[in-house]
Amino acid sequence: MPDPLDVLRQPVVPLAPDPAFAADLRLRIEAALGLSTGTTTTGGTMSTTTSGPHVPTGLRALTPYLIARDAARAIAYYEEVFGAALLYPPITGDDGRIGHAELRIEDSVLMIADEHPEVGAVSPETVGGTAVMLTLHVPDADATFERAVAAGATAERPVELQFYGARSGVIRDPFGHRWSLQTQVEPEPASLDRTGAAPSTATDVDGVSLGYFAIAVPDAGRARAFYGELFGWRFESGSLDEGFHVPNIAPPGGLLGGQEEPAVTVYFRVDDIEAAAASVRRLGGTASEPTQYPSGWNASCTDDQGVAFDLWEPAPGY
Amino acid sequence: MLSVTRRKVDRSDDDGAMGERAEAEERGTVLLELYDRALPQVYGYLLPRCGSPPVAEDLCAETFLAAVTAVQRGTVNPVTVAWLVGVARHKLVDHWRRLAREQRKLALVHDQATVSEDPWDAHLDAAVARAVLAELGVHHRAALTLRYLDGLGVAEVADHLGRTLHATEALLVRARSAFRRAYDERTGDA
């Protein structure tokens, strides 16, 4: 007699979890494996890259939206070549055209649809080219490049080590979209630092600038309440017990509790701590011997009238 | 990233004693490369069985971090999706154990329920059956999930639950009775 409970049988159907969770777990696995990918941010958590409440969960502020002549085939191609995964079944119109689909690639989302010329949505094949290139970071650019070409892409520029420390090559996929496939293999030049503050809108900033500031207070809890309410600052726990990092301001700053004397310390970002400290002394100020912290080299200084400030030569990634 | 890892491996090879670590790193790379494909499978296994996205996420994380440990100790080779789903099954059983400890009294009440010996010849509605399963006590839910959702043999169920074959057979009989009673109540057949 068949067992009525056999109706419960449930083979595994793959389900994509929340992309934010998936990205976070990947970072935890990498950390547990002792592999650093350079994707962690200054605050040491993903939260500094979290979008604001006006962005739906799982998306970033900017998302590419590709139009393809055969979106279903394009989806299959991106699944095969880039390891993309559909977040939900494509939304298809009565005419059978895919009106909207979302694919997840690592921590990013790619939107895609069939051509809808009546609303101006046409593909590179119809336009006869594309003015946009998509940059995709993959674990192994050489392998992805080969896979992409084997699956029908045109090789436009072979994978080579670029000055910015990535192996990178360019393909045009079978649907006319251009992709730069990249794998960071060496540290980036310091001039490409994007880990810190939002870039200044001023174009003539060429002096040594403020890199960080720290507010020392007796009671960190009260200061968090005060500045959180006053300025909308967010606080992340740091390596110090009563230390907090404020990631959502430019330049970033921090809060240190348990200090008897309330004080504000400003940290100026310099390229060469020894040279900068020597200049301070030459100009009549004082500078301590530089000390190394995980965030870089630090020297406590006063100017020639006794105002205290710190020099900071950031460690890579800060 | 793969290239970075490979370079690390090469450097480790300079020192013969580091060979084992190089192999562990290689396996770690395999695990990461598998991650995007394996995660939906592991999550897809866990979510319908525990019924709660936050719990499924926690168990997913436990699964992959346990995989990292296994990879580093070299106790698994090769790392496959099927193996990861097996780890997820162990994590699910651990989750039920924790739940059972929290609900020990409830479980005792369930286990003392009378056992129906009549053969049950019925066609069950799958959706109702899953809803009924979700309401059962932890021990019963665990046994029935492994036996019916996963389709494991009684011996394998016993193995996962850390019980003897005999105790597992008895548990399955009680679980089926509890399930049948709840199903009949829900569908008005009682």
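As the structure is a computational prediction, the values presented were derived from the model and not from experiment.

### Some details on the overall build of chain B
A tally of helices and strands in chain B yields 9 helices and 0 strands. Start at the N end of chain B and walk to the C end: the helices and strands fall as α-α-α-α-α-α-α-α-α. Out of the 190 residues in chain B, the part that is buried amounts to 47%. Pairs at least 24 residues apart make up 68% of the contacts formed inside chain B by residues separated by at least 6 positions.

### Examining the interface of chain A and chain B
At the interface, 38 residues of chain A touch 45 residues of chain B. Each partner contributes to the roughly 3900 Å² buried at the junction of chain A and chain B, and carbon and sulfur atoms together form 65% of this total. Among the residues of chain A in contact with chain B, Leu5(A), Leu8(A) and Gln10(A) are the three that bury the most area, contributing 17% of the side total. Note that Arg176(B) is salt-bridged to Asp3(A), the shortest N-O span being 2.7 Å. In this structure, the connection of chain A to chain B is made through 14 residue pairs in polar contact (both at pLDDT 80 or more). At 8 residues, the largest contribution of residues to the side of chain A that touches chain B is made by helix H1 (residues 19-32) of chain A. Its residues assigned to classes, the side of chain A that touches chain B comprises 21 nonpolar, 6 polar and 11 charged.

### With respect to the sheet that holds strand E8 (residues 166-172) of chain A
Backbone hydrogen bonds are what pair the strands of a sheet, in a parallel or an antiparallel way. Residue and element names in this part refer to chain A. Across the sheet, 4 strands lie side by side as E6-E9-E8-E7; this open sheet has mixed pairing. Strand pairing shows two members of the sheet lacking a second neighbour, strand E6 (133-137) and strand E7 (154-161), which therefore form its edges. Direction aside, neighbouring strands of the sheet carry axes that sit 15° apart on average. Bridge analysis of E7 against E8 gives 5 bridges, and the strand direction is antiparallel. Residue pairing for E8: Arg-157 is matched across the bridge by Val-170. Along the sheet, helix H2 (residues 71-82) makes contact with E6, E8 and strand E9 (178-184), crossing E9 at roughly 20°.

### Structural notes on the pattern of salt bridges
With the rule as written, the count across this model stands at 18 salt bridges over all chains. Between Arg167(A) and Asp142(A) there is a salt bridge whose closest N-O contact spans 2.7 Å. Taken as a pair, Arg167(A) in strand E8 and Asp142(A) in helix H4 (residues 141-150) lie far apart in primary sequence, 25 residues in all. One salt bridge connects Arg178(A) with Glu156(A), and the closest N-O pair in it is separated by 2.8 Å. Taken as a pair, Arg178(A) in strand E9 and Glu156(A) in strand E7 lie far apart in primary sequence, 22 residues in all. A single salt-bridge network, built from bridges that share partners, covers Arg26(A), Glu30(A), Glu106(A) and Asp36(B).

### Here we look at the packing of aromatic side chains
Residue and element names in this part refer to chain A. What the rule picks out here adds up to 17 aromatic pairs over all chains. Their ring planes at 75° and their centres at 5.7 Å tell us that Tyr-77 and Phe-175 sit as a pair that is edge-to-face. With Tyr-77 in helix H2 and Phe-175 in the loop between E8 and E9, the pair connects residues that are 98 residues apart, well separated along the chain. Assigned by exposure class, Tyr-77 and Phe-175 land together as buried. Relative to Trp-179, the ring of Phe-82 lies with its centre 4.6 Å away and its plane at 55°, an arrangement referred to as tilted. Of this pair, Phe-82 sits in helix H2 while Trp-179 sits in strand E9, placing them 97 residues apart in sequence. When sorted by exposure, Phe-82 lands in the same class as Trp-179, which is buried. Here the aromatic cluster, defined as three or more aromatic residues joined through ring pairs, consists of Tyr-77, Tyr-78, Phe-82, Phe-175 and Trp-179. The positively charged end of Arg-269 is found above the aromatic ring belonging to Trp-312, 5.4 Å away from the centroid.

### Some details on the nonpolar core
Counting residues in hydrophobic clusters, the biggest one holds 61 residues, and the most contacted among them are Ile29(A), Leu46(B), Phe64(B), Leu144(B) and Phe179(B). Looking at this core, the elements that each hand over two or more residues are H1 of chain A together with helix H2 (19-50), helix H3 (53-73), helix H4 (81-102), helix H6 (126-135), helix H7 (138-149), helix H8 (154-161) and helix H9 (165-187) of chain B. Residue contributions to this core peak at 11 residues, all from H2(B). Split by domain, this core shows at least three residues from each of two domains, domain 1 (2-98) and domain 2 (103-187) of chain B. Sequence-distant contacts of Phe179(B), defined by excluding residues within four places in its chain, comprise Leu5(A), Leu8(A), Trp120(B), Leu124(B), Ala129(B), Val132(B), Leu133(B), Leu136(B) and Leu144(B).

### Concerning the confidence of the model for chain A
Residues and elements named next belong to chain A. With 90% of its residues at a pLDDT of at least 70, chain A reaches an overall mean of 85. Here strand E16 (residues 291-293) stands out as the element of chain A with the lowest mean pLDDT, 81, in contrast to strand E1 (residues 65-68), whose mean of 97 is the highest. Here residues 37-49 is modelled with pLDDT under 50, and outside its nearest four sequence neighbours on either side it reaches 21 contacts, counting other chains as well.

### Remarks on the packing of H2(A) against H4(A)
Residue and element names in this part refer to chain A. H4 packs onto H2 with a crossing angle of 145° between their chain directions and a minimal axis gap of 9 Å. Viewed along their axes, H2 and H4 form a crossing whose handedness is right-handed. Across from Tyr-77, Glu-80, Val-81 and Phe-82 in H2, the residues of H4 making contact are Thr-144, Arg-147 and Ala-148. Taken together, the residues of the contact of H2 with H4 sort by class into 4 nonpolar, 1 polar and 2 charged.

So, how was this worked out
- Residues numbered from 1 in each chain as written.
- Chains lettered and ligands numbered in written order.
- Predicted model: local features only at pLDDT ≥ 70, side-chain atom pairs only at ≥ 80, totals over all residues.
- Heavy atoms only, no water.
- Helix = DSSP H or I, 4+ residues; strand = E, 2+ residues; numbered from the N terminus.
- Buried < 20%, exposed > 50% of the residue type's maximum accessible area, 1.4 Å probe, protein only.
- Contact = heavy atoms within 4.5 Å.
- Buried area = accessible area lost by both parts, 1.4 Å probe.
- Salt bridge = Lys/Arg side-chain N within 4 Å of Asp/Glu carboxyl O.
- Polar contact = N/O pair within 3.5 Å; in protein donor to acceptor, adjacent residues only side chain to side chain.
- Nonpolar A, V, L, I, M, F, W, Y, C, P; charged D, E, K, R; others polar.
- Pairing = 2+ DSSP bridges.
- Axes fitted to C-alpha atoms, helices over the stretch in contact; angles between N-to-C directions.
- Phe/Tyr/Trp six-rings, centres within 6.5 Å; stacked < 30°, edge-to-face > 60°.
- Lys NZ or Arg CZ within 6 Å of the ring centre and 35° of its normal.
- Core = buried A, V, L, I, M, F, W, Y, C linked by side-chain atoms within 4.5 Å.
- Domains from an automatic or database assignment.
- pLDDT = per-residue confidence, 0-100.
- Left-handed = near helix turned anticlockwise from the far one by under 90°.

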